[in-house]
Each structure stands twice: as structure tokens, then as C-alpha cells.
Amino acid sequence: QLQLVESGGGLVQPGGSLRLSCAASGFTLDYYAIDWFRQAPGKEREGVSCISSSGGSTNYADSVKGRFTISRDSTKNTVYLQMNSLKPEDTAVYYCAAEGECGGPDYGMDYWGKGTLVTVSS
């Protein structure tokens, strides 16, 4: 069974932190760039970050630069999204996806997770 599974979401106060995980089951992530997307209620899905297959390059949406950090651990077959200084507008379902390289179209993603909910509220 080939799938991506997100975890680590939950309820956090503004200014708090969460670390999301994206773990692969049934295949290795070593040959894929990994993206994080999010979708808030009533809004379209937006790209948050991407990390290259080697981990040598990363990119971030302007809205999260300086606050979020993407990383990967090949030994654990997992990609992480560290989220600091969280704001209420970060509230969304967060999804990870695998593709050949960062910058490809959404329809070019090879695998999608089912998402994990992040709620930032006081």
C-alpha cells in the first residue's frame, strides 16, 4: 500500500509552535521533492513549502517565511514542517505531497496525504 500520512496537527495558541510530520508507507521518499500545502475553510488550497529530494534546497510562501522550516530525515522516511510564531490565519488542513521536483504543477503530484488539521486560536 503506497501512501503519505500526515501527523502533528492540533490546537495551539497564537504565537505557539507545532511540528508536522509526513511519513511514507510502502515507498521511499528519497527520490521525491516533498511539498506542504494547506487549505483553510472557504479558501483554495495554497502551497506552503517544498524541499528538494536531496534536501539541498527549500522554498516557502511569503506568508510563512521566517516562521516555518521544512526538513527531511531519510533514515525515518519522513519530512517535517516546523511551524513557529503561529497566527490565527495559519488555521487550515495541512497536506503533504510528493513530486519529481519543486515547482511542478499541483496535478503533477504523484502522492497526496489526507491532511492534518491545525487550529490556531486563543
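This text follows the structure it describes.
What comes next is a walk through the structure.

Procedures and definitions
Residues numbered from 1 in each chain as written. Predicted model: local features only at pLDDT ≥ 70, side-chain atom pairs only at ≥ 80, totals over all residues. Heavy atoms only, no water. Salt bridge = Lys/Arg side-chain N within 4 Å of Asp/Glu carboxyl O. Helix = DSSP H or I, 4+ residues; strand = E, 2+ residues; numbered from the N terminus. Buried < 20%, exposed > 50% of the residue type's maximum accessible area, 1.4 Å probe, protein only.

### Observations concerning the pattern of salt bridges
Across all of its chains, the model carries 5 salt bridges by this definition. The salt bridge partner of Arg 38 is Glu 46, with a shortest N-O separation of 2.8 Å. As a salt-bridge pair, Arg 67 and Asp 90 come within 2.7 Å of each other at their nearest N and O atoms. Of the two residues, Arg 67 sits in the loop between strand 6 (58-60) and strand 7 (68-73) while Asp 90 sits in the loop between strand 8 (78-83) and strand 9 (92-99), which places them 23 residues apart along the sequence. On the basis of relative accessible area, Arg 67 is assigned to the buried category, the value being 10%. The network of salt bridges with common partners includes Arg 38, Glu 46, Arg 67 and Asp 90.

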